[in-house]
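# Fold and geometry: a report
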Amino acid sequence: MSVNKIVKKILWSGVALVLLPGLAITAQAQNKLTAAEAYSGWLNLFDGASTNGWDSTSGWTTQQQSLSTSMAADRRIVTALPFADFILNFEFRSNATPSGAAVRIRVPHSGEPEGSGYWITLGDSKPDWPAGSVVLKSKSSLSTPALNVWHKVSIEANGSHIVVQIDGQRTAETTDDSAKAGYIQFQTARGAGLDLRNIYVKPLNVNSVFNNVDLSGWKNIPFTPKPGEGVGHSLAKMFSFGSGGKSHTANWSVKGGKIHGESGPGSLETTGSYDDFVLQITGSAQVEEKKKDAFPAIYFRNEAGSIATGYPLGIGNKSGELRGLARPLKPLATQPAMSETVVAGGRVIGIFINGSLTTLYTDTRPESATTKTGARVKTGTISLDMPEDVKSIDVSNVAVESIPNSFGGVVHAAVPKPVPSAATSEVSAPAQSASIAAQTAQIAAALGTPTPQARQQVAQLMSEALKTDDPQQQMQLYDQVVRIDPNNAAAVQGYKEAAAKAAAQQQQQQQQQNQAQQQEVSASQRDRQVSDSLAAAQSAFLSGDLKHADKLLSVAERLAPENPLARDLRSRIDAAFSLRHRLVYLASGAGILALFGVGGLFWRSRRRVRFPVLQIVQGLDQGRLYPVDRDVVRIGGIAQDGAQKNDIVIRDVEHMISRFHCEVRKKDGHFFLIDTNSSNGTKVNGEPARPSQPIALRKGSKIDLGGSTVLRFDFEKKKRQT
């Protein structure tokens, strides 16, 4: 080999050693936030390897660290969590034209009704709204983005102000308040593929509820144990030892700019309440070594004045966990103080640790006063819980952004200004001058600077309004003032008083008319009406129509309250009603007893029928139910291999579930689990299942598949359709 070739080889090797690590770092940096970005509040919506945190139609895949869809059909994918005010950054790439690629913000989860939320085009399928436009609101002047090239997009939605940028160029800006909150949705039309990556969102207007100085805005809630029963409790209360049902208050203070809690039990809650929100919290806890089950937590949607009724969000080494409800998808490397962001929208709760989505939970249970027994979707406080078995809790940051729980909102096009007609142009010069002067006055008044002519006209109209006593005329004059000067508070108040006076006069006139009409009825006419009503009531009573008789008699009683014939007929009608009611009550009682008897028999027969189900309580498809409607139900990671089939296929990105993992068998009305020689094993309520050895299943039994997915065996009253 020549010297030149050797030198070139060495040089190229050096270049490779320099460039390749940089390329590797760049590849790894995709879809990942830096520590500084996570600290400043950015959240990562796409981890580069899964669709965790997204709900979509079929056809979306993750490949080469991008979220992609094919050209075969229209596709949509939407976040599982809602947002209100935020900055959204992402990169997109399209491979064909025309492209229906678009991002929609503040939309309902279903995307309906059409036109709800803000539609921002990324492609060229809408000629009137080029890429970068906010459809119906702000048109972009950007040319069609180049194909097969990554483009950076930034969208800021802050209140009613929306700004769009593509590749650093501002393409659209609008002010509109049709939609205040909702979900983020990407979509593309048939014929063009779409790739997405580096999808980050930063919630805005997240306001701190802790000033790092004192506990202003917080309330100390004492712990009151439930009253005990039995001789022991009585003795404790008598001799004043033990809790004796007395309340206990934890010690809460501010130390080193942090909320510090100790000497539990007790809690500290916000004076404000929240339902849907973005919550940012950074906290740590010290737990005694012997108390491994201790759970330091902050509760959200907590019933005001109560302890531990909301959702328990773990802090410290329990960060990312909702106690008894959901755990992080992957084990976390615990740190002294973990930064958590909770996004709560209705029944869906997402927990981000250092900007990455670690836990996603959908509470499908019926609503309840406490999360121990059901879902809580109504407004509640944010409450720091200080358990008795925790040494101390320190929280340095608590900030909240409320999310309006009315998601979406139909966005309409701006109403075009009317074009003057030919007839309008022929108006005389004085009329045009007066019109221009009035318009100028209105504009100046709206800007807070009325013209001298407007002030003079307002003074004249106000003077005329004060001189007249006619409320209708006053309303007309004050209305003219408000049209010229909308900020004139005296005119607005005067209009309200005149309107109230006019309404009072109208009511008084109506009362006088009614009195006059009543006085017009002469005594002879009243007597004739009484006689006719009594005769008709007597006839209806004798024919058995008590309701009609009662109605006719009421007319006679109103006209002649002291008529003896009316009082006699009233006593007979009331007696007949009383007898009829007694007969109805007796018949109704017999019918109710019979109905209860039949219902009891039906209920007893229904209670004996139970339909077994398996529910995923931990895993990718958390919350999904599968009926156990066969004598043998096979569970595994694939649908079929040759002649072997699985009845339940579990998705598992960690590949911890074997192809044919286990079976649930029914025998003589009892259910058993049998491990079919899985690679990573099966546990039932924490007990390892030996291959081919049946383990009995009972209501509430938890089945752990390879440490990746947990199923719960349960029964339902209604049969679930497959």
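We now turn to the structure provided with this report. (Residues numbered from 1 in each chain as written. Predicted model: local features only at pLDDT ≥ 70, side-chain atom pairs only at ≥ 80, totals over all residues. Heavy atoms only, no water.)

Right, let's get into the environment of Gly345. Positionally, Gly345 belongs in strand S22 (residues 338-345). Judged by its relative accessible area of 4%, Gly345 is buried. Between the C-alpha atoms of Gly345 and Tyr183, which are 162 residues apart in sequence, the distance is 9.8 Å. The contacts of Gly345, once residues within four sequence positions are left out, are Pro82, Asp276 and Arg301. (Helix = DSSP H or I, 4+ residues; strand = E, 2+ residues; numbered from the N terminus. Buried < 20%, exposed > 50% of the residue type's maximum accessible area, 1.4 Å probe, protein only. Contact = heavy atoms within 4.5 Å.)

Attention now moves to the packing of aromatic side chains. Describing an aromatic ring pair means giving the distance of the ring centres and the angle of the ring planes. One pass over the structure, following the stated rule, counts 9 aromatic pairs. For the ring pair Tyr183 and Phe407, a centre distance of 5.3 Å and an interplane angle of 80° mean the geometry is edge-to-face. Of the two residues, Tyr183 is situated in strand S12 (residues 183-188) and Phe407 in the loop between strand S26 (390-402) and helix H4 (422-425); the sequence distance between them amounts to 224 residues. Looking at Tyr183, the relative accessible area reads 7%, which means it is buried. Relative to Phe713, the ring of Phe671 lies with its centre 5.2 Å away and its plane at 50°, an arrangement referred to as tilted. (Phe/Tyr/Trp six-rings, centres within 6.5 Å; stacked < 30°, edge-to-face > 60°.)

We now examine the pairing of strand S18 (residues 266-270). Taking burial as the measure, the 5 residues of S18 include 5 buried ones, the bulk of the element. Residues Gly266, Leu268 and Thr270 of S18 are buried on one face, and the alternating residues Ser267 and Glu269, pointing to the opposite face, are buried as well. Of the strand pairs in this sheet, strand S15 (residues 218-222) and S18 are connected by 5 bridges, and their pairing is antiparallel. Residue Pro222 lies in a different strand from S18, and its bridge partner there is Gly266. As paired strands, S18 and strand S25 (residues 381-386) are joined by 4 bridges and run antiparallel to one another. Bridged to Gly266 within S25 is Met386. (Pairing = 2+ DSSP bridges.)

A word on the side chain of Thr69. One can find Thr69 in strand S4 (residues 66-69). What Thr69 contacts, discounting residues up to four positions off in sequence, is Gly59, Trp60, Arg75, Thr188, Gly193 and Leu194.

Another point: the pattern of salt bridges. In total, this model carries 20 salt bridges according to the counting rule given. The salt bridge partner of Lys137 is Asp176, with a shortest N-O separation of 3.1 Å. Here Lys137, found in the loop between strand S8 (118-121) and strand S9 (151-158), pairs with Asp176, found in the loop between strand S11 (169-175) and S12; they are 39 residues apart in sequence, far enough to count as distant. On the basis of relative accessibility, which here comes to 25%, the residue Lys137 falls in the partly exposed class. Asp176 sits in the buried class, given a relative accessible area of 10%. In this structure, a network of salt bridges that share partners links the residues Asp550, Glu557, Arg570 and Asp574. (Salt bridge = Lys/Arg side-chain N within 4 Å of Asp/Glu carboxyl O.)

Here we come to a nonpolar patch on the surface. On the surface, Leu579, Leu583 and Leu586 cluster together into a nonpolar patch covering about 330 Å² of accessible area. With respect to the helices and strands, Leu583 occurs in helix H11 (residues 564-607). (Patch = residues over 30% accessible without salt bridge, like charges linked within 9 Å, V, L, I, M, F, W, Y side chains within 5 Å. Areas by Shrake-Rupley, 256 points an atom, 1.4 Å probe, with all protein chains shown as cover.)

With that settled, the discussion passes to the sheet that holds S18. In space, the 5 strands of this open sheet follow the order S15-S18-S25-S20-S21, with antiparallel pairing throughout. Only two strands of the sheet have a single partner each, and these edge strands are S15 and strand S21 (311-314). Neighbour to neighbour, the strand axes of the sheet diverge by 25° on average, direction disregarded. (Axes fitted to C-alpha atoms, helices over the stretch in contact; angles between N-to-C directions.)

Below, the discussion takes up the sheet that holds strand S2 (residues 54-56). Hydrogen bonding along the main chain pairs the strands of a sheet, whether they run parallel or antiparallel. Overall, antiparallel pairing links the 5 strands, which are arranged S2-S5-S12-S7-S8 in an open sheet. In the strand order of this sheet, the two ends are held by S2 and S8, each with one partner. Ignoring which end each strand starts from, the neighbouring axes of this sheet average 20° apart.

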